[in-house]
Amino acid sequence: MNNTARIKKNYQLIKFQKLVIVSVLIGFLSAFLAISLKKITEYYEEIFFYQTTINPIFIIVFPVFGLSIIYFLREYLFRKKENKGIKEIFESTNSKSKNLPNYKIPSHFINGILTVVFGGSTGIEVSTVVASATIGSVAQRKQNVFRQYKTELICAGVAAGVTALFSSPIAGILFAIEVISRKVTRAFLISNLIAVAIAFGLVFLLDEKPLFAVTITTWHLRAIPYFILLGILAGINSVYLTRCVLLFKSQFSKIKIHYYKILIGSLILSISLFFFPQLYGEGYHAIKTIFVNSNEVTFSFSLVLTFIGIIFLKPIVTSATLASGGDGGVFAPSLFIGAFLGLLVALLLNRYLNANVIPVNFMVIGMAAVLSASIHAPFTAIFLVCGLTNDYTLFLPILVVCLISKYTAKMIYPFTVYSYSTSLSK
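This one's a predicted model, so the numbers in the text were calculated from it and none came from an experiment.

Turning our attention to the packing of helix H13 (residues 331–352) against helix H14 (residues 359–375). Here H13 crosses H14 at 135°, and the two axes come no closer than 6 Å. As far as their axial angle goes, H14 and H13 are oblique. Here H13 and H14 pass one another in a crossing that is right-handed. Of the residues that constitute the contact of H13 with H14, the class distribution is 16 nonpolar, six polar and no charged.

What follows is the structure in structure tokens.
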């Protein structure tokens, strides 16, 4: 009996040690992939976007060229296998037989870069999430001892990838729980905590700076009613984004010749980018600009119309990008819409109600609120946006507004882009 107990204990110890080792590897590889993808995309997006400012003909050329390259790579390099985004992760975690194939790592890595660099109005976040999830999936297939930890190791890859992208280990863990796993086991905690610790360690060693340099000084209790209003508007806008993505994918799926999809998507992108260059790529360059100038922005009807046009068009160009073959998701578009919505609301409140609210606060809270409502993950949104700005001054109002935006969105439309796809497969 003692012998059997000792053997069992040794086996559990070996299994634990292997889980720790594989979690370290997943954390490092996923973080390295995420940081590489972010750096390469930022570098080339800046170069290509600058080219469109000095030669507007590239606004027409870049989208059709980028989407065409993605199409030919998918046809001939990746053997006609489409990228379905986070739906692929759900299909894998909900099935014992389905796995994320190895080619998903280079496929999402390359296509994510090409989509954003050539003007596709989405972001690299979902590309990173699926590629890093695949690292976890490949790891769990290497040894029989890991077969039972399929979801946990996939989540470890996802959590590490999100941590590296946004410099927030808490956001990485929460995203894995709220969106992917929805349950926490002992193995989940061990593997995910180790993976995000390694990822955050790499971020620290490389001295990665917060994406947005923002100075937040304070917030006032008198602004709470206005924050609530922003949360409701964020929920409505997130539903508009979700419905746009689903509608475009549904309509474009009826087009049998894929190059027609590319031409239509590129036409929508080019026209929109010509009038609103802020929509180019993930749009972080535009967010940085309005953050810098937020306190100096003065009300004008032309500016308000520009912001309304940007908020209205962003879901359309994002949907056209994804439906015509681009790689990405709703992370970056949600942050983009939230920033412009927050600044627009602040300008209108200060102009017509003499509210004297702080525009930068509304931008930060708006980013978190739209993201929370778009993916139905308020706690991920809170820590992700606080990580992006490296400031937790607005934690309490962000928490309240994120919950309001999420439940506003759920009341209007119960699905996200992710959960709608999952519900259809059941």
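Having seen the structure, we can now continue with the description.
Note on soluble globular proteins: their nonpolar side chains tend to be buried together. Residues Ile89, Phe175 and Tyr418 are the most contacted members of the largest nonpolar core, which totals 133 residues. The biggest single contributor to this core is H13, with 14 residues. Apart from the residues within four sequence positions on either side, Tyr418 is in contact with Ile86, Phe90, Val126, Val179, Val330, Phe331 and Ile375. In this structure, Leu246, Ala373, Ala409 and Tyr413 belong to the second largest nonpolar core, which totals five residues.

With a phi close to 55°, Ser167 is a non-glycine residue in the positive phi region. Note that Ser167 resides in the loop between helix H6 (150–166) and helix H7 (169–181).

What follows is about the packing of aromatic side chains. This model, assessed by the stated rule, comprises 27 aromatic pairs. Seen in terms of ring centroids, Phe274 and Phe275 are 5.3 Å apart; in terms of plane orientation they differ by 90°. Their pairing is edge-to-face. Residue classification places Phe275 among the exposed residues on the basis of a relative accessible area of 58%. In textbook terms, an aromatic cluster arises when at least three aromatic residues are bridged by ring pairs, as seen for Phe48, Phe58, Phe62, Phe65 and Phe118. The residue whose ring lies beneath Arg243 is Tyr413, and the NZ or CZ to ring-centre distance is 4.5 Å. It is Lys314 that lies over the ring of Phe336; its NZ or CZ is 4.6 Å from the centre.

Turning our attention to the pattern of salt bridges. Taken as a whole and assessed by the stated rule, the structure comprises four salt bridges. Where Lys39 meets Glu208, a salt bridge forms, and the shortest distance between an N and an O atom there is 3.2 Å. Taken as a pair, Lys39 in helix H1 (residues 2–54) and Glu208 in the loop between helix H8 (186–205) and helix H9 (224–252) lie far apart in primary sequence, 169 residues in all. A salt bridge links Glu88 to Lys104, with the shortest nitrogen-to-oxygen separation between them at 2.1 Å. Of this pair, Glu88 sits in helix H3 (residues 87–93) while Lys104 sits in helix H4 (residues 104–117), and the two are 16 residues apart along the sequence. Lys104 matches Glu88 in its accessibility class, with the two residues each being buried. Residues participating in the shared-partner salt-bridge network are Lys38, Lys39 and Glu208.

Next up on the list: H7. Residues separated by three or four positions in an α-helix point in the same direction, a consequence of the helix having 3.6 residues per turn. Counted residue by residue, H7 has ten buried out of 13 residues, so it is predominantly covered. Downstream of H7 by a residue or two, Arg182 has a phi angle that is positive, lying close to 65°.

Moving on: the packing of H14 against helix H16 (residues 395–412). At a closest axis distance of 8 Å, the pairing of H14 and H16 adopts a crossing angle of 35°. In terms of crossing hand, the pair formed by H14 and H16 is right-handed. For the pair H14 and H16, the contacting residues are Val364, Ile365, Ala368, Ala369, Ser372 and Ala373 in the first and Pro397, Ile398, Val401, Cys402, Ser405, Lys406 and Ala409 in the second. Residues that form the contact of H14 with H16 fall into these classes: ten nonpolar, two polar and one charged.

Criteria and cut-off values
Residues numbered from 1 in each chain as written. Predicted model: local features only at pLDDT ≥ 70, side-chain atom pairs only at ≥ 80, totals over all residues. Heavy atoms only, no water. Axes fitted to C-alpha atoms, helices over the stretch in contact; angles between N-to-C directions. Helix = DSSP H or I, 4+ residues; strand = E, 2+ residues; numbered from the N terminus. Parallel < 35°, antiparallel > 145°, perpendicular 65-115°, else oblique. Left-handed = near helix turned anticlockwise from the far one by under 90°. Nonpolar A, V, L, I, M, F, W, Y, C, P; charged D, E, K, R; others polar. Core = buried A, V, L, I, M, F, W, Y, C linked by side-chain atoms within 4.5 Å. Buried < 20%, exposed > 50% of the residue type's maximum accessible area, 1.4 Å probe, protein only. Contact = heavy atoms within 4.5 Å. Phe/Tyr/Trp six-rings, centres within 6.5 Å; stacked < 30°, edge-to-face > 60°. Lys NZ or Arg CZ within 6 Å of the ring centre and 35° of its normal. Salt bridge = Lys/Arg side-chain N within 4 Å of Asp/Glu carboxyl O.

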